[in-house]
Amino acid sequence: MSDPRLGRIRNFCIIAHIDHGKSTLADRLLELTHTLTPQQMKAQVLDDMDLEREKGITIKSHAIAMEYRARDGLNYELNLIDTPGHVDFTYEVSRALAACEGAILVVDASQGIEAQTLSNYYLAKDQALTIVGCINKVDLPAARPDDIALEIEHVTGVPAERVCRISAKTGLGVEALLEQVIADVPPPSGDTDRPFRALIFDSKFDQYRGVVCLVRVVDGTLRAGERIQFLSTGVEHEVTEVGKLRLKLDAEPVLKAGQVGYVVAGVKTVAEARVGDTLAIAGGEQELQPVPGFRETKSMVFSGLYPIDAEQYAALKEALARLRLNDASLDYEPETSVALGFGFRCGFLGLLHLEIIQERLRREFQIDLIATTPSVMYHVLLTNGEFLKVDNPSQMPPVQNIELIEEPVVLAHVVTPTDYLGNIMKLCQDRRGVFVDMVHLEEKRIRARLLRSAEERVARLRVARLRVLRLPGGRRRQAGRAPERRGRGRTVRHRAP
C-alpha cells in the first residue's frame, strides 16, 4: 500500500430488505461518530425527500463521511452509503456497492432473511465485497436472534458467532458493530502517485453550480483549478470545487485516492455527467481505462407520461432529464398520441418506481401528468422475417403478419415457511407459473424458484394497488379520480398505480 492514510479509510454501505432498519442504523452510526450535532439529528436524517419520509422507505442512496476514534486509538475515516431496500430500486444498491469494499447486511430479528436480503447479498457477492452480518431489532418480544444467526450462516457463510446482535432503535450493540466493520472491511486500494481516476456513482443538479458529481476516487488526487474529462464522451471541464459528503456538501482543498466525495466542474448539460462514467485528469500522457463495477439497467415496465397542460411539454422534457441525472434506471423517449398529444414513453424498473417518478414530477417540478396503463416489452417475429420490440399496444402489428410472439418471464425466488409452499405453488400455477426447483434453507424455511409471466405480474400488481372505498348505501368507488370504461355490461374504473 503506497499511502499509509488508506489503511485508516473504510468505505461501506448498508443493505437489507425493506423496513429492516437500515436508515435507523445509519442514524445511530451518525450519533456514535458525532458527525451531526443534537440539533441536526432527527429520525431518518439521511432520507432528505419528503416522499421518503411519508412512505417510510429509502428511495435514493445517501452517502455521508464520518470520523471515528476506534478502540485501537486510531482515527478512521468512514464513508457510509445508506441504500434502498425495495426491489424497484436495486440499481441504486448496485451503484452504492461499486463504490465500497464492504457491506453491512441487516436482517430483522423476527422476520429473518427475506427476498431483498438475498437479492442484495448476491449483488454484494458479485462485487466481491466483505459482508458484515447484523441482526437488528433484538429487543422485540418476537426476536429470534440465535435462529436468524444460523440462517445467515447457512445462506451467506458468515459464522453465526460473528453476526452482531443490535437494536438500531436503542443503540444496543451499534458500537461493537462499527468496530467489527473496521476490523473486517479491507481498506481501499489505490495510489496517489498515479493519474487521477474516479467513479461517478451518483449525481445531482444544483441550480447555481450545475451538475454535482458524487465520486469514489480510485487513483490520484484532484484539486480545484485542474481540468478533468469524462471518459465516455471525452468532454473536458475545469474543476471549481471538491469536497466531502456531510449532511451538506463540505468543501475540501483536495480529494485523494480511496476517498468518497463530490466534484463540481461547471457542467451545465445533464447528459454529460452519466452515472457509471469515469472521471480522469485531462491531457494525460497515458490512456486510462474506465473503472469497472457497473451494470446496465434494464427497464421492466413501460408507460406513457403526458402533461395535462400541453404547454408543459418542454418543462416535462427538462424535468425527465434532471431526474435521469440521479436515477440512471429511468429511460424515456418522445412519443405522440392522437388522444393525449405529445409526451414520453418511459421505462421503469417496476410499478413503485413508476409511482415515485410520477410523484416527484408533480412535487418537484409542478407538472400534472396522465399516465397510460403500464405494460411490458414483447418480442415479435413477423412472417417476412423482421424482428420487432413492442412495448406499446398501439405498435402491435396485425395478427396475420405475426409468426411468433415472445413475452418476458420472471425467475422468482420465493422464500417461505414450508407450510405455505403448496398454496404458493398453486397460486403461481394459476398465474401461468412453472415450478423450477427448491432449496431447504432450514428445517421450516425453503426457497423455491418459479418462472412466471412478467405481464401477469404487472397486471396483478396493478389490481392489488386499486383501493376500493365503500360508500353509504353499499355503493363503491375507487380512491382518487379515475376515468370510467364500460365493458361487458359493467363499469370498470382504472387509474395509474
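## Points about the packing of helix α1 (residues 22-32) against helix α6 (residues 174-184)
Part 1 of the argument: The N-to-C vectors of α1 and α6 enclose an angle of 85°; their axes lie 10 Å apart at closest approach. When the axis of α1 is compared with that of α6, the two are roughly perpendicular. Where α1 approaches α6, its residues L25, R28, L29 and L32 are matched on the opposing element by V174, E175, L177 and L178.
Part 2 of the argument: Grouping the constituent residues of the contact of α1 with α6 by class yields 6 nonpolar, no polar and 2 charged.

## Topic: the sheet that holds strand β21 (residues 378-382)
The strands making up a sheet associate through backbone hydrogen bonding, with each pair oriented either parallel or antiparallel.
Part 1 of the argument: With respect to topology, 3 strands assemble into an open sheet ordered β22-β21-β23, the strand pairing being antiparallel. Both edges of this open sheet fall to β22 (387-390) and β23 (402-406), since each of them pairs with a single strand only. The average angle at which neighbouring strand axes cross in this sheet is 25°, direction not considered.

## A look at the nonpolar core
Part 1 of the argument: Grouped together as the largest cluster of nonpolar side chains are 39 residues, with contacts concentrated most on I15, I81, L97, I135 and F201.
Part 2 of the argument: Those elements that place two or more of their residues in this core are β1 (9-16), α3 (90-97), β4 (102-108), α4 (115-126), β5 (130-136), α5 (145-156), β8 (210-219) and β15 (260-264).
Part 3 of the argument: Membership of the second largest hydrophobic core comes to 29 residues, among which are I14, A26, V106 and L178.

## Observations regarding the packing of aromatic side chains
Part 1 of the argument: If you walk through the whole model with that rule in mind, you get 4 aromatic pairs.
Part 2 of the argument: A ring pair is formed by Y332 and F344, whose centres lie 5.7 Å apart and whose planes are at 80°; its orientation type is edge-to-face. Here F344 lies in strand β19 (residues 341-348) and Y332 lies in strand β18 (residues 331-337), a separation of 12 residues in the sequence.
Part 3 of the argument: Taking the relative accessible area as the measure of exposure, F344 reaches 1% and is therefore buried.
Part 4 of the argument: The rings of Y313, Y332, F342 and F344 are connected pair by pair, giving a single aromatic cluster.

## Things to note about unusual backbone geometry
Part 1 of the argument: With phi around 70°, D19 is a residue other than glycine that occupies positive phi space.
Part 2 of the argument: Here D19 is to be found in the loop between β1 and α1.
Part 3 of the argument: Positive phi, close to 55°, is recorded for H34, a residue that is not glycine.
Part 4 of the argument: In this fold, H34 is placed in the loop between α1 and α2 (50-55).
Part 5 of the argument: In this structure H34 comes out as exposed when scored by relative accessible area, which is 67%.

Reading the values: rules and limits
Residues numbered from 1 in each chain as written. Predicted model: local features only at pLDDT ≥ 70, side-chain atom pairs only at ≥ 80, totals over all residues. Heavy atoms only, no water. Axes fitted to C-alpha atoms, helices over the stretch in contact; angles between N-to-C directions. Helix = DSSP H or I, 4+ residues; strand = E, 2+ residues; numbered from the N terminus. Parallel < 35°, antiparallel > 145°, perpendicular 65-115°, else oblique. Contact = heavy atoms within 4.5 Å. Nonpolar A, V, L, I, M, F, W, Y, C, P; charged D, E, K, R; others polar. Pairing = 2+ DSSP bridges. Core = buried A, V, L, I, M, F, W, Y, C linked by side-chain atoms within 4.5 Å. Buried < 20%, exposed > 50% of the residue type's maximum accessible area, 1.4 Å probe, protein only. Phe/Tyr/Trp six-rings, centres within 6.5 Å; stacked < 30°, edge-to-face > 60°.

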